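An overview of the molecular structure
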Amino acid sequence: MASSSVEVKAPSNGGIPAQVIGVILRSYPLFLVAIAWEAVARAGWVQPVFLPPLSSVLASFPQLVATGEILGPLLTSLHRAAAGLAIAMTVGITLGFWMARSRWAKWLFDPLVALGFPAPKVAFLPIFILWFGIDHMSKIALVAITCVFPFILAAEAGARTVPRVQLWAAEMMGTPRFELLWRIVLPATLPSLMSGVRIAVPFSLVSAFTAEMIAGGGGLGGGLVYAQRFFETQTVFALLLVMLATGYLVDYGLLALRRRLLRWH
Amino acid sequence: MSGSRYDWLKRASAILPFIFALLLWQGLVSLQVVDPLFLPSPVRVGRSLFELVTADGFLLELATTSLRALGGLVLGAAIGVPLGTAMAVSPSVEGFANPLVKATYSLPKTALVPLFILWFGIGNVTNILAVALATMLPMIVYTYHAVEGAPKVLLWSARAMGTSEAGLLPHVLLRSALPGILTGLRIGLGFAFLIAIAAEMIAAKIGVGKLLFLYGENGAYDFMFAAIAAVVFVSYAADRGFSALSDHLLRWQEPAEGKA
Amino acid sequence: MTVLATREAVGSASVRPAKIVISGVTKRFQRRGDSFLALSAVDLDIAEGEFVSIVGPSGCGKSTLLYMLGGFVPASDGSMRIDGEPVSGPGLDRGVVFQEYALFPWLTVSQNIGYALDRSGRPRQERNEIVERYITLMGLRGFENSFPRELSGGMKQRVALARTFAYRPGILLLDEPFGALDAQTREIMQDELLRLWKTDRKTVVMVTHDVDEAVYLSTRVCVMSHRPGRIVEEFDIALDRSGSREEIVLTDQYRGIRNAVWMSVRRQVTESRTATA
C-alpha cells in the first residue's frame, strides 16, 4: 500500500491522472469487501442460493442485459420516479412559496405538513392503487407524496430568507410585482431548493422501487421481488447493484448540476 | 399569564385546519362529488377505526410493527452513533468506513428486504435488520458531522481546565454533538416506520403493513382507511414525542442555533 | 390643508421649488397587539439639487422615513409628495442605495449594474455603453464578470452605487450607504459621491449616524429626536466644496458647524437615555 502511494507521486504515470489513482486507493475498503465476499462464497461456507460469488454476479450482467431484465425495467422505474418528482416539485414549491408569503396559507397548511411529514408514506399506496389502479399512476402518486414534503419545507424556508431589501431593490428598478417571483424569489431560493432536490431525488428512487416491490408492475423493484421468489439470487444481487449505481450516479449528477447553477453562491 | 393563554389559543387554532380538512372530506362524500367506495366518509372511517381498536388483534398488529420499527432504530443507533463518533475521532476508522458508507448510502434500503427474506425468512429478523440498516446510515453521517464539528475552542478550554483526553469524549464532544445526533435520530425514526411498514407490505405474516394491504386487496376499504389513519397517528405521535424529548434534552441550546 | 398651502407658499418664495414635500408624516407600527409610534408628524421640504442628511440617535426612525420616501413603507398619517405627486409605491424616479447593498448575488457585477436598464427596455447598445461607463467610473474594471460574493465590502458598495446611478433616478435616497465600510474606504467613497453629486446635482436624501459624513457632504443637515422621531433642528451648511477634503475639513467654519450638529445629536441621545432609564 505504502509503496504504491509513492509511485502515484512520480510524474511519469502512463497517462492516468494521479487524482483517479488517489480515489481508487482511498476506496480500498470496497475492494476488501469485494474480496471477502468472493472468498466466503467460493469457500463453500454458504450456499450460492444465499450468496453467489461476486464474479458470477458480474458475469451474469451481459445475459441479463440481453434478456431485457435491466435496461427496460430501469427506464420504467426512472420514468415513474421522474414523473412523481416533477409533480412533487411543482406542487411543493408552489405551496412552500405560498406559505412563506401568506399567513393564512401558513396557518392552514402548517399542521397538515406537520402531520404528513413524519407519516410513513408507503402506507398510502393501497389508497393510490384503489384510486389510480395498479399500473404507473399509483406508483407515481406514491413518489409524488413522498417527495412533496422536502420541497415544501425547502421552498418555504428559502423564500422566508429572501432579504426584504432585495425585493425592494428589484421593485425600485422597475420590476413588476408578478415578475418578482421568478426574477428574485426563485433565484434567491435556489440554494435552499437544491438542498431539497438532493433529499427528494433519492426518496423518489426509493419510493418507486418500493412501490414496484409491493404492487408489482415491472420496474427494477418488480424484477427484484420476482427474482427472489424464484430464488434467482444472482439476479437479486445484480439488480441491487444496478439500483446502487443508479442512486450514486444520480446524486453525482445532482452535485454537478448544483455546482453549475449555484456558481454565484 | 397572558403568554400561556396565547399559547393555548395558538394550539387550538392549529387544530382548526384538521377540522376543515375533515369537513371538506365529509362534504365531498356527502354531496356525492366522489364515490364513497373510493373515499369512505370520515364518519365511516372513524367508526371502522373504533371497531378495529376495540376488537382483538389490531392493536397487537400495530404494536408489532411499532416494536419492529423501534427495535430496528435502537439497533441502528447502537451501531451508528459509536461508529460515527469513531470516524470523527480516528482518521483510520474514517478512511475505512467512509467509502463503505458512501457506497451504500444511495442503496434503497427496502430493496434489501427480498435479500433478507432469502437469508432469514419472513418475520421479525428480516424486518428489524432492514430498519436497522436504513436508520444506521443517517445516524453515522449525522453523528460524524456533529462530533467532527465540535468547536475547537470548547476542546481547548476543556483541556485548559484539566479535562483528560479520555474525558473529552463524554464531557465535551458528545455533549456538543447532541443536537446533531438527535437530528439524525429523528430522521431515523421517520425511516424506521417507513421501512417497517414497507417490509411488511412486501412480505410478512403479521404487522399493520400486511393488514392494511390485505384490507385493500379484499375490498374492505373502510378498514383500510382506518388502519392507515392509525399508522399516520402513531408515527405522528412518535415524532411529536421525540421532538418534545429532544427539546427537553437541548433546553440549554440557544434558540438562534435552531432546533432540529 | 391650510398648513400644506402655507408650506407651498414658503417653498415658492425660496429660490427653487420644493421637489419633495413631507408634511405631518406619522408612522405607527403594530407588533403583537402593541402599537408604538416610530415617527411623529415629520415636516420637511427639500428643493431640487439639495443634498439633505438626516442624523439622529439609533432607532429614531430615520431609515423608516427614507423607506417611506422610497415607497416601500406606507405612512400611517400625513402626506409625501414628489414633484407634487403623492408617493404611492417604488418608482424609477427614486434610486435607493441600501445599507446592506441588496445586490442580487446570482447576477454578475455588470448584470447587476444593467438590471434596471434591462427592465426599462433600453436598446442593447446603449445599455452596454452605460454599464461600461459605470464600470470604469467606479473602478470596477476587471471585475465585470465577478459575482458579488467575490467582492470586498467597498467594491460591493461601488456596485450598489453604480447600479442606482446607471438608470439616472432624479432623487437619490441613501440609507447609511457607507456604514459597513472601514474608515479609509468610507472617506474614498464619500469623496466619490461628492464628485458625482457636484457633476449632476441630483436631489439627495441621506440617512447616517456619522455627523462628520453628514456635514462634509450635505447642503443641509436635519437632526431627528429619539423615538418617536421628529425633526428638531436643521443646519444649513454653506461650505465651499471646491477644494480637497483637507481644505474643507480643516476650516474653522467646518469645525464650527460640525460641533454644533454633534452637540445637537448628543442632546437627543442623552435625552433618549434618560427617557428609557
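Residues numbered from 1 in each chain as written. Chains lettered and ligands numbered in written order. Predicted model: local features only at pLDDT ≥ 70, side-chain atom pairs only at ≥ 80, totals over all residues.

**Quick look at the overall build of chain C**
A count of helices and strands for chain C gives nine helices and ten strands. A compact globule built from 277 residues should have a C-alpha radius of gyration of about 19 Å, and chain C, at 19 Å, falls within 12% of that. Taking all 277 residues of chain C together, the buried fraction comes to 39%. For chain C, long-range pairs separated by at least 24 residues make up 69% of all intrachain contacts whose partners lie at least 6 apart in sequence. (Helix = DSSP H or I, 4+ residues; strand = E, 2+ residues; numbered from the N terminus. Rg over C-alpha atoms; globule rule 2.2 N^0.38 Å. Buried ≥ 20, exposed ≤ 12 C-beta atoms within 10 Å, placed from the backbone. Contact = placed C-beta atoms within 7 Å.)

**With respect to the overall build of chain A**
Across its full length, chain A carries 13 helices and zero strands. Ordered by position in the sequence, the α and β elements of chain A form the string α-α-α-α-α-α-α-α-α-α-α-α-α. Taken over the C-alpha trace, chain A has a radius of gyration of 24 Å; the compact-globule value for 265 residues is 18 Å, which it surpasses by more than 25%. Viewed in the frame of its principal axes, chain A has a C-alpha envelope of about 70 × 60 × 30 Å. Split into buried and exposed, the 265 residues of chain A put 40% on the buried side. For chain A, the proportion of contacts with a sequence separation of at least 24, taken over those separated by at least 6, is 69%.

**Examining the interface of chain C and chain A**
In this complex, chain C contributes 20 residues to the contact, which on the side of chain A involves twelve residues. For the side of chain C that touches chain A, the secondary structure elements donating two or more residues are β6 (94-97) and α3 (109-119) of chain C. A class-by-class count of the residues in the side of chain C that touches chain A yields 13 nonpolar, three polar and four charged. (Nonpolar A, V, L, I, M, F, W, Y, C, P; charged D, E, K, R; others polar.)

**A few points about the interface of chain A and chain B**
One frequent convention defines the size of an interface as the accessible area lost when the parts assemble. Of the residues lining the interface, 41 residues belong to chain A; the matching set on chain B comes to 39 residues. Those elements that provide at least two residues to the side of chain A that touches chain B are α3 (28-42), α7 (103-116), α8 (125-132), α11 (177-215), α12 (219-229) and α13 (233-261) of chain A. Ranked by the residues each element gives to the side of chain A that touches chain B, the list is headed by α13(A), at eight residues. Among the residues forming the side of chain A that touches chain B, the class breakdown is 33 nonpolar, five polar and three charged.

**Some words on the domain arrangement of chain C**
Residues and elements named next belong to chain C. On domain assignment, one finds that chain C holds domain 1 (3-93 + 169-276) and domain 2 (105-168). For domain 1 and domain 2, the distance between their C-alpha centroids amounts to 26 Å. Taken together, the contact between domain 1 and domain 2 spans ten residues of the former and nine residues of the latter. It is helix α6 (residues 183-200) that contributes the most residues to the side of domain 1 that touches domain 2, three residues altogether. Tallied by class, residues from the side of domain 1 that touches domain 2 come to nine nonpolar, one polar and no charged. (Domains from an automatic or database assignment.)

**Here's the deal with the confidence of the model for chain A**
Residue and element names in this part refer to chain A. Summing up the model confidence of chain A, the mean pLDDT is 89 and the portion of residues at 70 or higher is 95%. Of all helices and strands in chain A, the one with the weakest mean pLDDT is helix α1 (residues 2-9) (42), whereas helix α6 (residues 71-101) scores best (95). The low-confidence segment residues 1-11, where pLDDT is below 50, has four contacts with residues more than four positions distant or belonging to other chains. (pLDDT = per-residue confidence, 0-100.)

**Examining the arrangement of the chains**
Counting contacts across all two pairs of chains that touch, the top-ranked interface belongs to chains A and B. You won't find any contact between chain B and chain C; their C-alpha atoms come no closer than 11 Å.

**Section: the nonpolar core**
Formed by 204 residues in total, the largest nonpolar core has its most connected members in A:F151, B:A130, B:V131, B:I195, B:I197, B:A227 and C:A166. At 17 residues, helix α8 (residues 165-202) of chain B tops the list of elements feeding residues into this core. If we skip the residues at most four places from it in the chain, B:I195 touches B:K109, B:T110, B:A130, B:V131 and B:A134. (Core = buried A, V, L, I, M, F, W, Y, C linked by C-beta atoms within 7 Å.)

**Looking at the packing of helix α5 (residues 112-120) of chain B against helix α6 (residues 124-148) of chain B**
Residues and elements named next belong to chain B. Where α5 contacts α6, the two axes come as close as 9 Å, and the packing angle between them is 140°. As the angle between them shows, α5 and α6 are arranged oblique. Judged by the twist between their axes, the crossing of α5 over α6 is right-handed. On α6, the residues touching L112, V113, F116, I117 and F120 of α5 are V125, T126, L129, A130 and L133. Here the residues of the contact of α5 with α6 are counted per class, giving nine nonpolar, one polar and no charged. (Axes fitted to C-alpha atoms, helices over the stretch in contact; angles between N-to-C directions. Parallel < 35°, antiparallel > 145°, perpendicular 65-115°, else oblique. Left-handed = near helix turned anticlockwise from the far one by under 90°.)

**A closer look at the sheet that holds strand β4 (residues 77-82) of chain C**
All names here are of chain C. Strand order across the open sheet formed by four strands is β2-β1-β4-β5, with antiparallel pairing between neighbours. Every interior strand has two partners, whereas the edge strands, β2 (34-47) and β5 (85-86), have only one. For strand β1 (residues 18-31) and β4, the ladder comprises five bridges, and the chain directions are antiparallel. Each residue of the ladder has a partner; that of V21, found in β4, is R81. (Pairing = 2+ DSSP bridges.)

**A look at unusual backbone geometry**
Residues and elements named next belong to chain C. Although it is not a glycine, A102 sits at a positive phi angle of roughly 55°. With respect to the helices and strands, A102 occurs in the loop between β6 and α3. Take A102: there are 21 C-beta atoms within 10 Å of it, and that puts it in the buried class. With phi around 45°, R201 is a residue other than glycine that occupies positive phi space. Relative to the elements of secondary structure, R201 occurs in the loop between α6 and β8 (203-207). Among the residues examined, R201 registers 12 C-beta atoms within 10 Å and is labelled exposed.

**Side note on the confidence of the model for chain C**
All names here are of chain C. This prediction gives chain C a mean pLDDT of 84; 91% of its residues lie at or above 70. Confidence drops under a pLDDT of 50 for residues 1-14, and excluding neighbours within four residues, the segment shows ten contacts in the predicted structure. Confidence estimates for the predicted assembly give a pTM of 0.82 and an ipTM of 0.87.

**What to know about the sheet that holds strand β7 (residues 171-175) of chain C**
Residues and elements named next belong to chain C. Across the sheet, which stays open at both edges, the six strands sit in the order β6-β7-β8-β3-β9-β10 with mixed pairing between neighbours. The open sheet has two edge strands, β6 and β10 (231-236), and neither has a second partner. For this sheet, the mean angle separating the axes of adjacent strands, direction not counted, is 15°. In the sheet, strand β3 (residues 51-55) pairs with β8 via four bridges, with the strands oriented parallel. Residue pairing in the sheet places I54 in a bridge with V207 of β8.

**Looking at α3(A)**
For α3(A), spanning 15 residues, the distance from its first C-alpha to its last is 21 Å, which sits close to the expected 21 Å at 1.5 Å a residue. Phi turns positive, to about 80°, at A:G44, one or two residues after α3(A). (Expected span 1.5 Å × (residues − 1).)

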